[in-house]
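# Inside the fold
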Amino acid sequence: MAAVVVALFLQHDHLLLPRTVLLPRDGCARGDGVSTELCAPPLAAHPLTAVAVSPLLDRALCERFVAAAEAAAARAGGWRSVLRYETREVPLAEIPELQRWYDAHGASRLAALLRSHHVPRGPAGSPPLALALFDSNVVKYDARDAEGSRGVTMHTDGEDVFTFNVLLSPRAAFGAGAHPAGAGTRAPPDGGGDCDGEGPGRRGVGAYFAHLNRTACVAQGEVLTYYGGLAHSSGEPLGWGVRYVWQGFYRPMPPAARRVAGADGGAGARLAALDAELLAVSAPLARAAVTAVERAPDFDRTALARLLANLCAVQGRQQEQLHVKEAEASEEEAKGALDACKRAIAAEPTAGAYNNLALVLARTGDALAAEAALRAGLALLAQRAAWCGARRGARCG
């Protein structure tokens, strides 16, 4: 494991020290199948590529918050799908006990942890990046629920997002595959359950990260933190048991909001520097994600289409940025963007995929091809609208 430090949790609102930090450079040294693009500086140890596991809650708090989440779900008429994936969750705002703990302790600890280990340092003299929580839920994965989710496929949380996941369940309470004899009657191995110590490409039930080709294992009460632009899945589908995860998503606070909050000035320059770094790492990470999905034994065409569309958009933005600076570099980036866009359409033709292709084509100067792509996307939208109109009440989001 990478950069393992002694597990230490000081009772201070602004300090959490990770038990484990995973970085591409360590997987490169082990031969884990990490993309060669990520094995060289600065990406090999870049904070945006880091995945950290830190202590946060004790077992008693985890049990209290699971009970509070179940009570909140009962008040709301059951667990329901709030996010864009077919998961079942309850929003943080509907769980008063957890909300109070977050406001009193979690907000400062989690934001400080994200800033310390995942947010790139700004220019000398720039203020610390202010982060604001914009969404948080407790998610329930239940292998017994035919209508519920047993996991999520490869995806990203957003290019301007920083994420935390807290495992509220003991690792002995769930697993992949068939229910093992005696499961739930013994303590899980130190460090956590069925994905502890697994080699590259082996996923278990946890958070599998494409750029590392490895699953990050967490024990009950530990928090997993990472940059939301990292493609990840929940590993193998839940085969037995119940798994509760508290998750949250932070975004950098815009300069206007910082001024209202009375924060220090200079936030605009700080955000501009962050945006530049996000763009610099996004294409290698997107390419690594596409490769991971293509080589996975449980190939998922929908996930591949989603990640190819993301790669298309990312390389299109890089093409636009380079066009101002260096025409030759822009031309090279355009080739990669066009290839990603066309592959995305081949995997799953959508109006959004055609729109991305049109933007890339327009920047290369091929106006006729761009127009054709836009028309193809509009035709798909018209077909979708007609289908939805003929089936009132169907899910047409």
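This text gives an overview of the structure that appears in the document. (Residues numbered from 1 in each chain as written. Predicted model: local features only at pLDDT ≥ 70, side-chain atom pairs only at ≥ 80, totals over all residues. Heavy atoms only, no water.)

### Topic: the state of the cysteines
Working definition: the covalent bond between the sulfur atoms of two cysteines is a disulfide. Tallied over the entire structure, the rule returns one disulfide. Through a disulfide, Cys 28 is tied to Cys 39; the S-S separation comes to 2.0 Å. Residues Cys 28 and Cys 39 share a disulfide whose torsion about the S-S bond is about -90 degrees; that sign makes it left-handed. In this pair, Cys 28 is assigned in helix α1 (residues 24-30) and Cys 39 in the loop between α1 and β2 (51-55), connecting sequence segments 11 residues apart. Note on Cys 39: relative accessible area 30%, which makes it partly exposed. (Disulfide = S-S within 2.5 Å. Helix = DSSP H or I, 4+ residues; strand = E, 2+ residues; numbered from the N terminus. Buried < 20%, exposed > 50% of the residue type's maximum accessible area, 1.4 Å probe, protein only.)

### Some details on the packing of aromatic side chains
Tallying each qualifying case throughout the model produces nine aromatic pairs. Note on Trp 79 and Tyr 244: the rings are 6.0 Å apart at their centroids and 55 degrees apart in plane angle, and the pair reads as tilted. Of this pair, Trp 79 sits in the loop between α2 (59-75) and β3 (88-91) while Tyr 244 sits in strand β11 (residues 238-252); the two residues are 165 residues apart in sequence, bridging distant segments of the chain. Across this residue pair, the class does not change: Trp 79 and Tyr 244 are buried. The interplanar angle of 50 degrees and the centroid separation of 5.7 Å between the aromatic rings of Phe 162 and Tyr 227 together place this pair among those described as tilted. With Phe 162 in strand β5 (residues 162-167) and Tyr 227 in strand β9 (residues 222-227), this residue pair connects regions lying 65 residues apart in the sequence. Taking the relative accessible area as the measure of exposure, Tyr 227 reaches 1% and is therefore buried. Members of the aromatic cluster, each reached through a chain of ring pairs, are Phe 65, Trp 101, Tyr 102, Phe 164, Trp 246 and Tyr 250. Residue placement shows Arg 251 over the ring face of Phe 134; its charged tip is 4.0 Å from the ring centre. (Phe/Tyr/Trp six-rings, centres within 6.5 Å; stacked < 30°, edge-to-face > 60°. Lys NZ or Arg CZ within 6 Å of the ring centre and 35° of its normal.)

### What to know about the pattern of salt bridges
Enumeration over the complete set of coordinates arrives at nine salt bridges. Within the structure, one salt-bridge network assembled from shared partners comprises Arg 30, Asp 32 and Arg 214. (Salt bridge = Lys/Arg side-chain N within 4 Å of Asp/Glu carboxyl O.)

### Regarding α2
Over its 17 residues, α2 extends 25 Å from the first C-alpha to the last, a length consistent with the 24 Å expected when each residue adds 1.5 Å. Those residues of α2 not exposed but buried are Leu 61, Cys 62, Phe 65, Val 66, Ala 68, Ala 69, Ala 72 and Ala 73. Down the axis of α2, the buried set is contained in an arc of 165 degrees. They therefore lie on one face. Residues Arg 59, Ala 74 and Arg 75 are exposed on α2 and point more than 90 degrees away from its buried face. Its buried side turned inward, α2 meets β3, α3 (96-117), β4 (131-142), β5 and β11. Where α2 begins, the side chain of Asp 58 points an oxygen toward the backbone nitrogen of Ala 60, at a separation of 3.3 Å. Gly 77 occupies a position one or two residues after α2 and carries a positive phi of about 90 degrees. (Expected span 1.5 Å × (residues − 1). Arc of directions from axis to C-beta. Contact = heavy atoms within 4.5 Å. Polar contact = N/O pair within 3.5 Å; in protein donor to acceptor, adjacent residues only side chain to side chain.)

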